[in-house]
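Topology and contacts: notes
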Amino acid sequence: MFRYQLLIEYDGTNYIGWQSQPKGISIQNTIEKKLSKLLKEKIKLIGSGRTDRGVHAVSQSAHFDTKKKINNKFKFLNLINYFLKKNLITITDIKIRNNKFHSRYSAKKRIYKYVILNRNSRPSLQLNRAWFVIKHLDIKKIKKGCKILEGIHDFSAYRSSKCSANNPIRRLDSVKTKKINDNIIITFQSKSFLQQQVRGMVGCLKYLAEGKWNIKKFKNVLKSKKRNLCAPPAPPEGLFLKCIIY
């Protein structure tokens, strides 16, 4: 058997998320079907982690095992992307790996970015690819909030009620913010995240930036560990899985 890693770009707007589910179309299932057709065998694709409904990926990582050796990766990429061209999914690279490699468990860091479009006019080019917010957001307040989030915390206040993780404690290695024209881009780096943790944090940062909360309130929500005190989570369309570091 041969093991291969795929790097995958996708628009998650019309999908139920990465993971295959009984109802709805997933990224995982869509790619598995195309791989199985191309390689003429049943393929199981293992992702680095789930992305929720509507969340995008710049470089998702996944692996699969196959009986066939892929000798010409450029030909393979052309063929698989031909099958996927109507799905808004692109395989950007394929790498052969040894059997110890696991797209999920071998990951050392996961990097997500969240994009907020902060202006008066509704988006056309960035429709479904950013959170459109009309009210002015104070970038300095966002940066202060980001500093508070960095480090080791119990992030229970931000995670989904459906989150299955046993341990809510995570180390957030860095949270960086920059503004490019009307776009506020917040980048989060950690070994792993709780379900909807990033969207929960961004929702709270937005409350801080628009003046609904002060720094004390922001800190207290984090310390409370209570989801019902959190701001509404940011919508999925602004969230991108940027890359996985091994």
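Residues numbered from 1 in each chain as written. Predicted model: local features only at pLDDT ≥ 70, side-chain atom pairs only at ≥ 80, totals over all residues. Heavy atoms only, no water.

**Thoughts on the pattern of salt bridges**
A complete count under the given rule lists ten salt bridges for this structure. Two residues, Asp-11 and Arg-129, come together in a salt bridge whose shortest N-O distance is 2.5 Å. In this pair, Asp-11 sits in the loop between strand 1 (2–10) and helix 1 (27–39) while Arg-129 sits in the loop between strand 5 (109–118) and strand 6 (131–133), placing the two residues 118 residues apart along the sequence. Residue Asp-11 is classed as buried on the basis of its relative accessible area, which comes to 11%. For Arg-129, a relative accessible area of 34% puts it in the partly exposed group. One salt bridge connects Lys-73 with Asp-93, and the closest N-O pair in it is separated by 3.0 Å. Residue Lys-73 is found in helix 2 (residues 73–84), and its partner Asp-93 is found in strand 4 (residues 89–97); the two are separated by 20 residues along the sequence. Look at Asp-93 and you get buried, because its relative accessible area is 18%. One connected set of salt bridges, linked through shared partners, spans Lys-109, Arg-171 and Asp-173. (Salt bridge = Lys/Arg side-chain N within 4 Å of Asp/Glu carboxyl O. Helix = DSSP H or I, 4+ residues; strand = E, 2+ residues; numbered from the N terminus. Buried < 20%, exposed > 50% of the residue type's maximum accessible area, 1.4 Å probe, protein only.)

**As for the side chain of Ser-103**
Inspection of the secondary structure puts Ser-103 in the loop between strand 4 and strand 5. Of the residues examined, Ser-103 reaches a relative accessible area of 0% and is grouped as buried. In this structure the side chain of Ser-103 is engaged in a polar contact, spanning 3.4 Å, whose partner is the backbone oxygen of Gly-47. Every residue in contact with Ser-103, bar those within four places of it in the chain, is listed here: Ile-46, Gly-47, Ser-48, Ser-61, Ala-62, His-63 and Tyr-246. (Polar contact = N/O pair within 3.5 Å; in protein donor to acceptor, adjacent residues only side chain to side chain. Contact = heavy atoms within 4.5 Å.)

**Here we look at the nonpolar core**
Counting residues in hydrophobic clusters, the biggest one holds 65 residues, and the most contacted among them are Leu-6, Ile-31, Phe-64, Phe-76 and Phe-188. Of all the elements, helix 4 (residues 197–209) adds the most residues to this core, at eight residues. With residues near it in sequence (within four places) discarded, Phe-188 still touches Arg-110, Ile-111, Tyr-112, Tyr-114, Leu-172, Ser-174, Val-175, Phe-193, Val-198, Met-201, Val-202 and Leu-205. Val-115, Leu-117, Ala-130 and Phe-240 belong to the second-largest nonpolar core, a separate cluster that totals five residues. (Core = buried A, V, L, I, M, F, W, Y, C linked by side-chain atoms within 4.5 Å.)

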